[in-house]
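Chain by chain, the residues run as shown.
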Amino acid sequence: MPKIVPGYHITTAAQIRAIEQRAVDEGATWPDLMAEASRGMADVGLTVIAKQPNPAVLVLVGSGNNGGDALVIARHIKEADFPVSCYLYKRKPQADDWPFAAAQAEAIPMSFAADDSQNQQLQQLLQTSTFVIDGLFGIGLSRPLAADVAHIIDLVNASKLPVLAVDVPSGLDADNGKIWGTIINAAYTVAAGLTKRGHHLYPGAAYVGKLAIAPFTLPDSMEEPMTTTELNLATIRSLVPARPVDGHKDTFGRVMVVAGSYLYPGAAWLAATAAARSGAGVVTLACPRSIYGSTAAHLHEVTYLPLPEVEPGELTEAAAKLVHEKLAKYKALLVGPGLGTETGTGDFLRALIGLASSKRRLGVGFLGSNELELPTKRKGGVGFGLAARPKEEAKAEEEGPVVLPPLVIDADGLNILATIEHWEEKLRDQPVVLTPHIGEMARLLGEEKIGEDHPQVALEAAARWGVTVVLKSAHTIIASPDGRLALHGLANPALATAGSGDILAGLTAGLLAQGLAPFEAAQLAVGVHGVAGALVREELGERGTIASDILNRLPLAWRKLTEGGLK
Ligand SMILES: NC(=O)C1=CN([C@@H]2O[C@H](COP(=O)(O)OP(=O)(O)OC[C@H]3O[C@@H](n4cnc5c(N)ncnc54)[C@H](OP(=O)(O)O)[C@@H]3O)[C@@H](O)[C@H]2O)[C@H](O)CC1
Ligand SMILES: [K+]
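Residues numbered from 1 in each chain as written. Chains lettered and ligands numbered in written order. Predicted model: local features only at pLDDT ≥ 70, side-chain atom pairs only at ≥ 80, totals over all residues.

- The protein chain is annotated in an unreviewed UniProt entry as Bifunctional NAD(P)H-hydrate repair enzyme of Herpetosiphon gulosus.
- Under the heading Subunit (unreviewed entry), UniProt records this for the protein chain: "Homotetramer." (UniProt positions renumbered as here; feature names shortened; annotations may be inferred.)

**Some remarks on the overall build of the protein chain**
Then, number 1: Check the secondary structure of the protein chain and you find 20 helices and 24 strands.
Then, number 2: Expressed along its principal axes, the backbone C-alpha trace of the protein chain runs to roughly 85 × 50 × 50 Å.
Then, number 3: Here the protein chain, with 567 residues, has 53% of them falling under the buried criterion.
Then, number 4: In the protein chain, of all internal contacts separated by at least 6 residues, the share reaching a separation of at least 24 is 69%. (Helix = DSSP H or I, 4+ residues; strand = E, 2+ residues; numbered from the N terminus. Buried ≥ 20, exposed ≤ 12 C-beta atoms within 10 Å, placed from the backbone. Contact = placed C-beta atoms within 7 Å.)

**Overview of the nonpolar core**
Then, number 1: Core analysis: the largest hydrophobic core is formed by 175 residues, its most contacted members being Val257 and Leu334.
Then, number 2: Among the elements that take part in this core, helix H18 (residues 518–540) stands out by supplying 11 residues, more than any other.
Then, number 3: Two domains each provide a minimum of three residues to this core, namely domain 1 (9–226) and domain 2 (237–562).
Then, number 4: Filtering out sequence-adjacent residues up to four positions away, Val257 remains in contact with Ala271, Ala272, Ala275, Val283, Thr284, Leu285, Ala286, Leu334, Gly506 and Ala509. (Core = buried A, V, L, I, M, F, W, Y, C linked by C-beta atoms within 7 Å. Domains from an automatic or database assignment.)

**Some words on the site of ligand 1**
Then, number 1: Near ligand 1 you find 27 residues, and of these Gly64, Asn65, Asn66, Gly138 and Gly140 are the closest.
Then, number 2: If you list the elements that add at least two residues to the shell around ligand 1, you get helix H1 (13–25), helix H2 (30–49) and helix H3 (65–79).
Then, number 3: Ranked by residue count, the leading element in the shell around ligand 1 is H3, at four residues.
Then, number 4: By residue class, the composition of the shell around ligand 1 is 14 nonpolar, nine polar and four charged. (Near = placed C-beta within 6 Å. Nonpolar A, V, L, I, M, F, W, Y, C, P; charged D, E, K, R; others polar.)

**Looking at the sheet that holds strand E12 (residues 282–286)**
Then, number 1: Strands sit in the order E8-E1-E10-E24-E23-E22-E21-E20-E16-E11-E12-E13 across an open sheet of 12 strands; the sheet is mixed. Each of the sheet's edge strands pairs with one partner strand only, and the pair in question is strand E8 (195–196) and strand E13 (303–304).
Then, number 2: Relative to E12, strand E11 (residues 254–258) is paired through five bridges, and the arrangement is parallel. For Arg254, the partnering residue across the bridge sits in E12 and is Val282. (Pairing = 2+ DSSP bridges.)

**Digging into the pairing of strand E7 (residues 188–192)**
Then, number 1: Counting buried residues in E7 gives five out of five residues, a clear majority hidden from the surface.
Then, number 2: Across three bridges, strand E6 (residues 163–166) lies against E7 in parallel orientation. Looking at E7, one finds that Ala165 is bridged to Thr189.
Then, number 3: One ladder, built from five bridges, connects E7 with strand E9 (residues 210–214); its direction is parallel. Counterpart to Thr189 in the pairing with E9 is Leu211.

**Points about the packing of H18 against helix H20 (residues 554–563)**
Then, number 1: Between H18 and H20, the shortest axis-to-axis distance is 8 Å and the interhelical angle comes to 110°. It follows that H18 is roughly perpendicular to H20 by the angle criterion. Of the residues in H20, those touching H18 at Val528, Val531, Ala532 and Leu535 are Leu554, Leu556, Ala557, Trp558, Lys560 and Leu561.
Then, number 2: Residue classes in the contact of H18 with H20 are distributed as nine nonpolar, no polar and one charged. (Axes fitted to C-alpha atoms, helices over the stretch in contact; angles between N-to-C directions. Parallel < 35°, antiparallel > 145°, perpendicular 65-115°, else oblique.)

**Here's the deal with the domain arrangement of the protein chain**
Then, number 1: Partitioning the protein chain into structural domains gives domain 1 (9–226) and domain 2 (237–562).
Then, number 2: Between the C-alpha centres of domain 1 and domain 2 there is a distance of 44 Å.
Then, number 3: Taken together, the contact between domain 1 and domain 2 spans 10 residues of the former and nine residues of the latter.
Then, number 4: Tallied by class, the residues present in the side of domain 1 that touches domain 2 amount to four nonpolar, three polar and three charged.

**Description of helix H15 (residues 438–445)**
Then, number 1: Those residues of H15 not exposed but buried are Glu440, Met441 and Leu444. Summarising the axial view, the buried residues of H15 lie within an arc of 105°, below the 170-degree limit, and thus occupy one face.
Then, number 2: Elements in contact with the buried residues of H15: helix H13 (411–417) and strand E22 (468–471). (Arc of directions from axis to C-beta.)

**A few points about the pairing of strand E2 (residues 57–61)**
Then, number 1: Of all five residues in E2, five are buried, a share of seventy percent or more.
Then, number 2: Burial along E2 is two-sided: the face carrying Val57, Val59 and Val61 and the face carrying Leu58 and Leu60 are both buried.
Then, number 3: Here E2 runs beside strand E3 (residues 84–88); their pairing, made up of five bridges, is parallel. Each residue of the ladder has a partner; that of Val59, found in E3, is Cys86.
Then, number 4: As a crossover connection, the stretch from E2 through H3 into E3 is right-handed.
Then, number 5: In this sheet, strand E5 (residues 131–135) lies alongside E2 in parallel orientation, the contact comprising five bridges. Directly across from Leu60, in E5, lies its bridge partner Asp134. (Right-handed = clockwise from strand over helix to strand, strands pointing away.)

**With respect to the packing of helix H17 (residues 500–513) against H18**
Then, number 1: H18 packs onto H17 with a crossing angle of 135° between their chain directions and a minimal axis gap of 8 Å. One way to sum up the angle between H17 and H18 is to call them oblique. Two packed elements cross with a definite hand, and for H17 against H18 that hand is right-handed. Of H18, the residues touching H17 (which contributes Ile503, Leu504, Leu507, Thr508, Leu511 and Leu512) are Pro518, Ala521, Ala522, Leu524, Ala525, Val526, Val528 and His529.
Then, number 2: Here the contact of H17 with H18 is built from residues that sort into 12 nonpolar, two polar and no charged. (Left-handed = near helix turned anticlockwise from the far one by under 90°.)

**Considerations on helix H8 (residues 265–276)**
Then, number 1: Taking 1.5 Å of rise per residue, 12 residues should cover 16 Å, and H8 covers 17 Å from first to last C-alpha, within 8% of that figure.
Then, number 2: Most of H8 sits out of view: 12 of its 12 residues are buried.
Then, number 3: Listing the buried residues of H8 in full gives Pro265, Gly266, Ala267, Ala268, Trp269, Leu270, Ala271, Ala272, Thr273, Ala274, Ala275 and Ala276. (Expected span 1.5 Å × (residues − 1).)

**Section: the UniProt feature "binding site: AMP" (unreviewed entry) in the protein chain**
Then, number 1: Within this numbering scheme, the UniProt entry marks Lys472, Ser473, Ala474, His475, Thr476 and Gly501 as carrying the feature "binding site: AMP" (unreviewed entry). Maximum C-alpha separation among the annotated residues is 13.4 Å over a sequence range of 30 residues, consistent with a single clustered spot.
Then, number 2: Relative to the helices and strands, Ser473 resides in the loop between E22 and strand E23 (477–479).
Then, number 3: Classification of Ser473 as partly exposed rests on a count of 15 C-beta atoms within 10 Å.
Then, number 4: When neighbours within four sequence positions are excluded, Ser473 is seen to be in contact with His437, Ile438 and His454.
Then, number 5: For Gly501, the location among the structural elements is in helix H17.
Then, number 6: Given 26 C-beta atoms within a 10 Å radius, Gly501 is considered buried.

The following block contains the structure:
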């Protein structure tokens, strides 16, 4: 089985070039590669063209191999007996340009942008055409578009004709979804061989339209490992953990959710309910005393650990001790949603995860950590370890060291973290998932705003901090410290509602409790959250939806994932 799987692996421009090179090293020729990819792209185009009453196709041809593909596609359209003409940008007739020569041999009409300074020919062609193939630029575009070609793209978009983009819509940066000035607004995009990161990342992803993949014989082996995967229904499904019929509460794991405050009680409710709806066995909500009564009055499916406050809205370091005392049985800990960022709450969080506080340093370690150096007796150490190991549990109780289960830090937990110098020292290489949105990410990085290449930002941060990072935006990115990346390309405005992040954090913790590794738990949480969001949109539309609509559709989302669809 090839190591590279279309629809699963996503490439960068450099990776696709390495793949092409390897295919050539293994005996393929460049014309072979182009012929194969272009055949698949033409087939997608022809299915649409064939449905039009009097189709006439205009093919835009650039100077590189994307334009080469477009010329081969033009021939296939001609062979299928549909009228076709080409408009060439910076592509001069040259003897060694075989795609050009082959198209010319078929007597396909050619117009040259170089002879059309006012774009009159182009406008005429657009008026007499019913369909456009965009082969101006593919993965070779990595600088702002020249004004002349930007104008060509604007005219094509203004024509409102359906466009099929060859590999990527021209104007898109294939590596990061950036738009180089302007971009073809494609109704269809056919990726050559594999999808590229840019297909899945906004703002460019909004112009991709329906995305298909043209088959391309992939080399069986690649020196450079394929590290980016696509979170689609199939891949999400593959992550769902088995649910033994004889399972019980502890089989499915206990989750401790530390969330909520006087001003933000709803976040606690959303995060804890999502953890419960993740399939976890038991959820305990550790929330400030000031909201305990009202929360417990309507959230009945979780157990509670009311936490002491300095005053309503501000926790104390003593609350951390209380959580530590209960943690031994828990397989995952979520901290942050709606906590607020008061000073006492900051002290609480530092103490909870064993980060140095202004007053003193508490030792905290993590579950499953080899490097855990638990502090000596009675010093109140905290580390990561495997929960519910009776001996260690007893030892922890006797000696004081606290073992943290896999941890999710979200929202205000991240805002507090960002105020602590070298916060990553404690978390590095531990089973930790951070779930920042763009603003929280900037704070964690100590920057005003993050770079435009979000996958790169997330990957570098995950590697630097040694934790899994879920960078939330219209296209959520999940980066593992070992360099793996998962992209969830389906933007869903129904998910962009207050409280949606609390649900994602609760789901992630719930899946960690069920034994998934951080990168897998994060992907599945993003995936099932997305499926629930899609169900909300299907049923209620995009406007007026609230976070609890998503929460209520989580069971259906699981059913859709495990039973393969709803009736
Ligand atoms: N398996 C596969 O993925 C296959 C992909 N194929 C197709 O090949 C293209 C990539 O082709 P490439 O030639 O590397 O690059 P492009 O065609 O995208 O563009 C390069 C040309 O564009 C010029 N350029 C670049 N930026 C600009 C700009 N801002 N303004 C104007 N012109 C620009 C560039 O000129 P230079 O001056 O930089 O040299 C090039 O002339 C891929 O996307 C697929 O469609 C193959 O078919 C094989 C299989
Ligand atoms: K293109």
